[in-house]
Amino acid sequence: MASGRVLREPLRWVGQLSSGDRVLRRILIAVLAIVVVAGGGFFAWAWHGELPAEPSRDVSTFDPAVVAKGANLVAIGSCAVCHTAKNSPSFAGGYPVETPFGVIYGSNITPDRDTGIGTWSPAAFRRAMREGVDRLGNHLYPAFPYDHFTHATDSDLDAVYAFLMTRNAVQKANREPALAFPFNIRLSAAAWKLLFLHPGPNPPDPSKSAEWNRGAYLAESFGHCGACHTPRNLLAGEQRGKAYDGGFAEGWLAPALNAKSPAAVPWTAEAVTHYLREGWDAEHGHAAGPMAPVIDGTSRANSDDLRALGVYVASLNGATAAEIAAKREAALKFAAARTLPAHGTTAQTTGAAPGLANDGTAIFAGACATCHHAGGELPISRPIDLSLSSTVNEADARDLIQVILRGIHPATNERGRIMPAFDGVLTDRQIVALVNYVRGHFSTQPMWSDPAKTLANIRNGKGS
Amino acid sequence: MTTLIVNGKEHVTDADPATPLLYVLRNEIKLNAGKFGCGLGQCGACTVLVEHTPIFSCLTPISVLEGRRVRTLEGLGTAEHPGPLQAAFVKEQAAQCGYCIPGMVMRAQALLEQNSSPSEAQIREHMSTNLCRCGTQMRILRAIDRAAREMKSADLGAKP
């Protein structure tokens with residue numbers, strides 16, 4: 001009924017045009033016809049039917065080797081991050097994913113038949129992963145990165161299915177997304193796919209090694225590294241021409257992984273592999289913010305695949321071994337020159353003028369140098385030499401401010417912290433003074449233009 | 001010179017501006033409740049309050065505290081007239097060696113000032129920052145819960 005009126009009203013208006021407007025009338029009718037046909041075509045394309053419910057299956061019928069293969073891929077994909085709410089059972093959903101359009105809650109992917117995906121067949125699961133459509137035919141929002149999972153092979157998707165179907169079923173209802181109009185209409189996700197979903201496998205690069213190709217496959221599919229490390233356009237599609245130029249995630253910058261990487265020492269395959277397994281690397285830094293839970297996944301992945309990811313990700317910067325060696329030597333030399341003694345361990349005092357509450361030198365000496373002085377040791381790990389930290393060398397102050405505000409916590413769900421949070425300890429002016437001091441002393445890069453504004457944006461939940 | 005306001009009293013110190021607050025509290029002002037544990041912001045034995053925020057005094061230079069109110073365990077009560085949290089810790093016998101307790105009490109004080117009836121989950125989450133190596137965590141949790149209840153029933157809301 002409503003759609004009939006939608007079509008009839010403009011037609012009547014066209015009919016009321018005078019005969020002198022005949023040409024205009026034809027054009028309008030033609031445009032209307034195109035809109036109707038294209039709209040109909042879009043609906044036909046976007047419409048997906050319900051797939052039949054899978055009968056209950058005894059978990060012992062899944063091959064343990066296939067389940068183990070799935071476990072490895074789920075670890076590389078860090079699926080648990082978005083599909084597990086804080087202090088809640090794994091994979092039962094509820095994690096709030098903040099997007100520029102509103103909040104989307106990760107869904108329950110345990111095999112519960114009422115609230116999870118227990119009634120999904122392997123075909124329904126494959127369709128969801130490749131096309132972003134649930135078993136009933138609803139479009140799923142691209143916060144679920146099916147634009148990456150679409151590149152996965154059938155056998156890998158079936159392995160992930162086997163892994164999920166052998167988890168504990170948890171009854172926990174999914175929470176509806178809280179999105180602004182028009183994104184609250186699920187069909188908007190179909191329009192997004194028309195623009196940004198490029199289904200099918202990526203062809204291998206025969207000029208590269210098997211290990212590199214394995215890493216490329218994992219990074220582009222399950223790993224979905226580009227979901228954060230590639231910038232997105234206004235409609236939240238990844239900008240394919242700017243792959244790995246650095247992106248944005250949950251209030252943090254995801255640094256560039258290509259030649260634009262802020263790393264003082266270029267990443268090598270060994271460094272990436274170590275970082276993905278341990279959550280830190282001595283010549284780069286600790287995983288913090290949204291990257292910390294990713295490590296919780298990758299640390300469980302098998303060694304060969306982590307090594308393949310390392311080979312692929314390190315190759316993105318395009319640097320030769322000679323270039324890496326030269327940059328590394330220069331960076332280590334600069335870092336050694338800028339390292340500071342611990343406060344109170346030598347006759348050296350800070351030289352800070354008394355009464356200057358916003359003096360970055362004194363703040364650093366009293367709050368930071370205890371750990372970040374030369375040769376410092378923490379019970380957990382050796383603190384990162386700040387001159388080598390990607391965060392300190394980034395083009396934007398955002399991540400350094402976030403680290404100071406929130407601290408760095410272990411990559412796994414252990415209690416305790418690697419670096420304590422200083423929000424509320426330092427005032428905003430003091431944080432800005434500290435950030436300026438750290439940048440000026442520990443980086444060869446130019447000073448950040450306006451860290452006070454960046455801090456205000458973080459406090460207001462705005463992008464940079 | 002740096003002027004500190006500790007438990008309502010001004011204290012002028014000529015220590016280096018980068019000196020951590022804990023050293024000035026213990027060595028100059030002789031407020032010895034806060035303890036040196038790890039010196040790295042990992043254990044919480046040195047916890048005191050700045051305004052309403054619990055901080056690690058071992059990692060807070062005095063320069064940043066000019067004009068801001070610092071509160072230590074000594075500001076909550078005395079042995080003769082303990083504050084509600086201190087009394088609850090005594091009633092629950094929550095200390096074994098006691099080294100972590102001043103930090104525990106100060107962190108708990110910050111919680112009860114924001115939330116007068118915290119759930120057990122909220123208490124656990126909030127207190128997870130502070131470590132006890134003796135194993136009295138269950139008693140510490142009970143003491144905080146008791147203090148919250150008694151402060152409400154006696155209408156002894158924590159006064160900043």
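Computed from a predicted structure; not experimentally measured.

Considering the overall build of chain B
No. 1: Tallying secondary structure elements over chain B gives five helices and five strands in all.
No. 2: Start at the N end of chain B and walk to the C end: the helices and strands fall as β-β-α-β-β-β-α-α-α-α.
No. 3: Whereas a compact globule of 160 residues would reach a radius of gyration of roughly 15 Å, chain B reaches 15 Å, a difference of no more than 12%.
No. 4: Along the three orthogonal principal directions, the C-alpha set of chain B runs to about 45 × 30 × 30 Å.
No. 5: The buried share among the 160 residues of chain B stands at 54%.
No. 6: Of the contacts formed within chain B by residues at least 6 apart in sequence, a portion of 58% connects residues at least 24 apart.
No. 7: By element, 52% of the accessible surface of chain B is carried by carbon and sulfur atoms, the whole surface being about 7,300 Å².

Observations regarding the nonpolar core
No. 1: Judged by nonpolar contacts, the single largest core of 60 residues is most densely connected at A:F125, A:L164 and A:F222.
No. 2: The element contributing the most residues to this core is helix 7 (residues 154-165) of chain A, with seven residues.
No. 3: Excluding residues that lie within four positions of it along the chain, A:L164 makes contacts with A:F91, A:I109, A:P111, A:I117 and A:F125.
No. 4: Of all hydrophobic cores here, the second largest spans 51 residues; its members include A:W252, A:A288, A:L455 and B:V70.

Quick word on the sheet that holds strand 1 (residues 96-99) of chain A
Residue and element names in this part refer to chain A.
No. 1: Pairing in this open sheet of three strands is antiparallel, and the strands run 1-2-3 from one edge to the other. What marks the edges here is a single partner per strand, and that holds for strand 1 and strand 3 (178-179).
No. 2: The sheet contact formed by strand 2 (residues 102-105) and strand 3 spans two bridges and is antiparallel. Counted as the bridge partner of V103 is A178 from strand 3.

Rules behind the numbers
Residues numbered from 1 in each chain as written. Chains lettered and ligands numbered in written order. Predicted model: local features only at pLDDT ≥ 70, side-chain atom pairs only at ≥ 80, totals over all residues. Heavy atoms only, no water. Helix = DSSP H or I, 4+ residues; strand = E, 2+ residues; numbered from the N terminus. Rg over C-alpha atoms; globule rule 2.2 N^0.38 Å. Buried < 20%, exposed > 50% of the residue type's maximum accessible area, 1.4 Å probe, protein only. Contact = heavy atoms within 4.5 Å. Areas by Shrake-Rupley, 256 points an atom, 1.4 Å probe, with all protein chains shown as cover. Core = buried A, V, L, I, M, F, W, Y, C linked by side-chain atoms within 4.5 Å. Pairing = 2+ DSSP bridges.

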